[in-house]
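Secondary and tertiary structure notes
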Amino acid sequence: MMGGVMIIMNINHEVVKVILKKIYELESENLKTKKYTDEQMVDKIQKLIIEEVKKCY
Amino acid sequence: MLLKSLEMINFRQYKGKQKIIFSTNKEKNVTVILGKNTSGKTTLIQAFNWALYGNANFDTKDFLLNLEIANQLKVNEEANVQVSIELIHNDIEYLIVRKQPYRRISNHIVKPNKSEITIQYKLPNGQTEFIKQHDIDDTINKILPEELSRYFFFDGERIGNLGKNDKQARQDLAKAVKTILGLTVLDNAISHLSGGYKNSVIGKLKRRIDAQGNEKLMELQKEIEDKYNQLEEYDKNISSIEDAIKGIEEIVKQKKDIILNNKETFELQKEINELELEINNLKEEKDKVVKNFNNDFCEKAPLFFMQSLMDSSIDALKSFSQMNDVVPYFSSQAIEYVIDTGKCICGREIAIGSEEYKYLVYLKSSCLPLQIENELKIFINNANNYKQRAKDFYNVMTERYEKFREYKYKIYDFMDRINNNKNKINFNQNLAAIQQEIENYETKLKHLGDELRKVQLDREILSRDIQSKEQEANYYAQANKNNLFIDLCIKYAEEVNITFQKYYKQRETEIRSKLQTKVNDIFSQMYHGKRKILIDESYKFFLKSPLVEDNLNVDADPSKGLETVMSFAFVSGIVDLAKEKITNEHIEFNTEPYPLVMDAPFSNADEEHVTRISKILPEIAEQVIMFIMHKDWKHAESVLSFKLDKMYELNKISETYTEIKEC
């Protein structure tokens, strides 16, 4: 059985701001168009976060 | 958004083609359409709803074709119902047309087909283009989402209802604030990020953690998933209990209102119940008195009535006895004793055959036989006993009879009072029964409250347990590099979620506070009194009198007219807030001004309030369109005429035909 390692990685608040804005724009657009279901929105937001975090790390 | 015109073809009582052009003048932004009751004012609001959303809130909502036109149709002939709306949205002119064909399929049946909608918009070069069919719903939603429309297309009944403090009105208001003022976006973002373990971004990221080769981690993950499922059950349970509590609270409030509104009746009914109970007690006592009366009468009445006879008998027997007492109280046994002993009681010897001896023999023969004497004594004794027993008969019976009468007249008196009370009561319901129901419901509420607290505590404990397991899982997860990355994504998602929640709370509090200020600003201009409105976190509003402290939750009781004024103040407050742009460092909240379209808005308002409301509405809304009755226009005219640009009158020619005339 593998043991565990504690590594603390700090949040970059600029990245948080970028993610916030993108999610807000996505949600605003979807409120008007109702193009995506809730499940689809969850997937899109998840993808958005992963992409933004990948850019920085 | 600004409405330019509404055109109807054969829509309900609007036979043929009829059009209203609305004022789009910024200075004179009021359009008034006058009409009597049943002339078709409400139909105009429904025309908007039908054209935009395909909904019409009529009882005969499936048949919109003008009846005269329908009657004229021959078999297989067709006629169309059509409503067209011209409007400007984001500086673009749109023409929305909804059409529905009707065909007579037999002598008795005219059948509607499916309605169709088209939207054209004007390009900068003046040409028009059609919106693609699959984009039409989106376009309508962009212009005016249906859930928003109910705050800008107002019928008289809803204006009144919004001023009431019921659950639906509060939910309406809360939703209006969130939708109109941009909070729905935040709400949705938060829900997508963290709304449940299974269907949220954070939940899905957590499930991406790779536990392969790590038994302990796999075990923990399974445990965490099970605990989240249990948490979901707790949440459902909590929601269900809270709904039950809210439902019961509404019922209790309604029932308390009934009692409050019928307080006098309640007191009268309470008195009736108490009197009925008292009557039952009195009847029981009366019955006891009657029973005792009868028992005593049966037992003692003969003795009572025999008294004089017994007295005479006793006297006669005594005198007879005395007559036979040659020597009073000297019995024949005593005489015989003296004869036998040959000695008198004085000591003198009595010789046999002497004079004294002969006299004693004579005395003895004159005495009554012992048996008869004894019987007489017994009889006299009994007679005296009977007399004793019957001695109080008269007093006791008199007393019992008086008691009987007392009970009888008390019962009559109480029954009269009950009848008087019943005559005063107009209310059919048994208020005492309602009061009992309230008490039962309040007991149930207490139990539900206890149950809720228990489940909430269990949920809290489980939640902490999950946190601790997740921390433990995190520790094991970080052995895998991929997991480090996923963990980082989770941290960002959580940070974004917290930030959204913070903004949401801040904005919602700000907006509610602004709404309260705006509503009171407007209310103070509309209402001639000195009250103010307070809105709490659940959008329940309190009407406060000036002498009552702010933290004292005592509702003043609004009249119907005041409810109307409050409704206007709310609607106006929302519309006014929607005109503002609220910005913060990350996000800009954009909203568009909307028109106010109102059907019979002043039905319940008095002259002074009509004047006051009329003064404010054109200042708040970009465009005001009112369908009102002549009698209400009389009061509003003096104030609104300066803002009035267009005026029409609905001329009801028959039940099936109304004509729109420009004034």
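Residues numbered from 1 in each chain as written. Chains lettered and ligands numbered in written order. Predicted model: local features only at pLDDT ≥ 70, side-chain atom pairs only at ≥ 80, totals over all residues. Heavy atoms only, no water.

Quick look at the overall build of chain B
- Across its full length, chain B carries 20 helices and 17 strands.
- Counted over contacts in chain B with a minimum sequence separation of 6, partners at least 24 positions apart contribute 70%.
- Counting every atom, chain B has about 36,400 Å² of accessible surface; 48% of that belongs to carbon and sulfur. (Helix = DSSP H or I, 4+ residues; strand = E, 2+ residues; numbered from the N terminus. Contact = heavy atoms within 4.5 Å. Areas by Shrake-Rupley, 256 points an atom, 1.4 Å probe, with all protein chains shown as cover.)

So, the packing of helix α1 (residues 13–33) of chain A against helix α7 (residues 183–194) of chain B
- Where α1 of chain A meets α7 of chain B, the axes come as close as 9 Å, and the angle between the chain directions of the two elements is 115°. By the angle class used here, α1 of chain A and α7 of chain B are roughly perpendicular. As for how α1 of chain A packs across α7 of chain B, the hand of that crossing is right-handed. Judged by residue contacts, I23, Y24, E27, S28 and L31 of chain A of α1 of chain A engage T184, V185, L186, N188, A189, H192 and L193 of chain B from α7 of chain B.
- Class assignment of the residues belonging to the contact of α1 of chain A with α7 of chain B gives a composition of 7 nonpolar, 4 polar and 1 charged. (Axes fitted to C-alpha atoms, helices over the stretch in contact; angles between N-to-C directions. Parallel < 35°, antiparallel > 145°, perpendicular 65-115°, else oblique. Left-handed = near helix turned anticlockwise from the far one by under 90°. Nonpolar A, V, L, I, M, F, W, Y, C, P; charged D, E, K, R; others polar.)

Structural notes on the pairing of strand β7 (residues 116–122) of chain B
Residues and elements named next belong to chain B.
- The sheet contact formed by strand β5 (residues 92–104) and β7 spans 6 bridges and is antiparallel. Note on β7: the bridge partner recorded for V97 is T118.
- In the sheet, β7 pairs with strand β8 (residues 128–130) via 3 bridges, with the strands oriented antiparallel. Residue K122 lies in a different strand from β8, and its bridge partner there is T128.
- In sequence, β7 turns back onto β8 through a hairpin of 5 residues, with G126 there showing a positive phi of about 95°. (Pairing = 2+ DSSP bridges.)

Quick look at the sheet that holds strand β9 (residues 153–154) of chain B
Residues and elements named next belong to chain B.
- As summarised here, the arrangement of the 6 strands in space is β9-β14-β15-β3-β16-β17, forming an open sheet in which the pairing is mixed. Two strands in the sheet have a free side with no partner beyond their single neighbour: β9 and β17 (657–662).
- Judged from the 6 bridges that link them, strand β16 (residues 644–654) and β17 form a sheet pairing that is antiparallel. For K652, the partnering residue across the bridge sits in β17 and is T658.
- In the packing of helix α1 (residues 41–53) onto the sheet, the strands contacted are β3 (30–34), β9, β14 (596–599), β15 (624–628) and β16, and the crossing angle to β14 comes to about 135°.
- Sheet contacts for helix α19 (residues 607–620): β3, β14 and β15; angle to β15, the most-contacted strand, approximately 145°.

Focus on the interface of chain A and chain B
- With 38 residues of chain A at the contact, the number on the chain B side is 39 residues.
- Per-residue buried area on chain A facing chain B is highest for L20, Y24 and V42 of chain A; these three make up 18% of the total on that side.
- Counting across the interface, chain A meets chain B through 1 salt bridge.
- Linking chain A with chain B are 4 residue pairs in polar contact (both at pLDDT 80 or more), by the criterion used here.
- Those elements that provide at least two residues to the side of chain A that touches chain B are α1 and α2 (38–56) of chain A.
- No other element matches the 14 residues that α1 of chain A contributes to the side of chain A that touches chain B.
- Considering only residue class, the side of chain A that touches chain B consists of 21 nonpolar, 8 polar and 9 charged. (Buried area = accessible area lost by both parts, 1.4 Å probe. Salt bridge = Lys/Arg side-chain N within 4 Å of Asp/Glu carboxyl O. Polar contact = N/O pair within 3.5 Å; in protein donor to acceptor, adjacent residues only side chain to side chain.)

Side note on unusual backbone geometry
All names here are of chain B.
- In the Ramachandran plot, N10 falls in the positive-phi region, its phi being about 60° despite a non-glycine side chain.
- Tracing the backbone through its elements, the reader meets N10 in strand β1 (residues 2–11).
- Unlike most non-glycine residues, R12 shows phi in positive territory, near 55°.
- Position of R12 among the secondary structure elements: in the loop between β1 and β2 (14–21).
- On the accessibility criterion, R12 (22% relative accessible area) is partly exposed. (Buried < 20%, exposed > 50% of the residue type's maximum accessible area, 1.4 Å probe, protein only.)

Some thoughts on helix α17 (residues 481–526) of chain B
- Taking 1.5 Å of rise per residue, the 46 residues of α17 of chain B would be expected to cover 68 Å, and the 66 Å separating its terminal C-alpha atoms lies within 8% of that figure.
- The residue sitting at the N-terminus of α17 of chain B and contributing the capping side-chain oxygen is N480 of chain B; that oxygen lies 2.9 Å from the backbone nitrogen of N482 of chain B. (Expected span 1.5 Å × (residues − 1).)

A word on the layout of surface pockets
All names here are of chain B.
- Volume-wise, the largest pocket comes out at about 1,100 Å³.
- Along the wall of the largest pocket there are 38 residues; nearest its centre are I202, K206, Y228, E470 and E494.
- Sort the elements by how many residues they give to the lining of the largest pocket and helix α16 (residues 431–477) lands first, with 9 residues.
- Looking at the lining of the largest pocket, its residues break down into 16 nonpolar, 12 polar and 10 charged. (1 Å grid on protein atoms, 1.4 Å probe; cavity = no way out; pocket = protein on both sides within 12 Å on 5 of 7 lines; lining within 4 Å. Points joined across faces, edges and corners; volume = space filled by probe spheres on them.)

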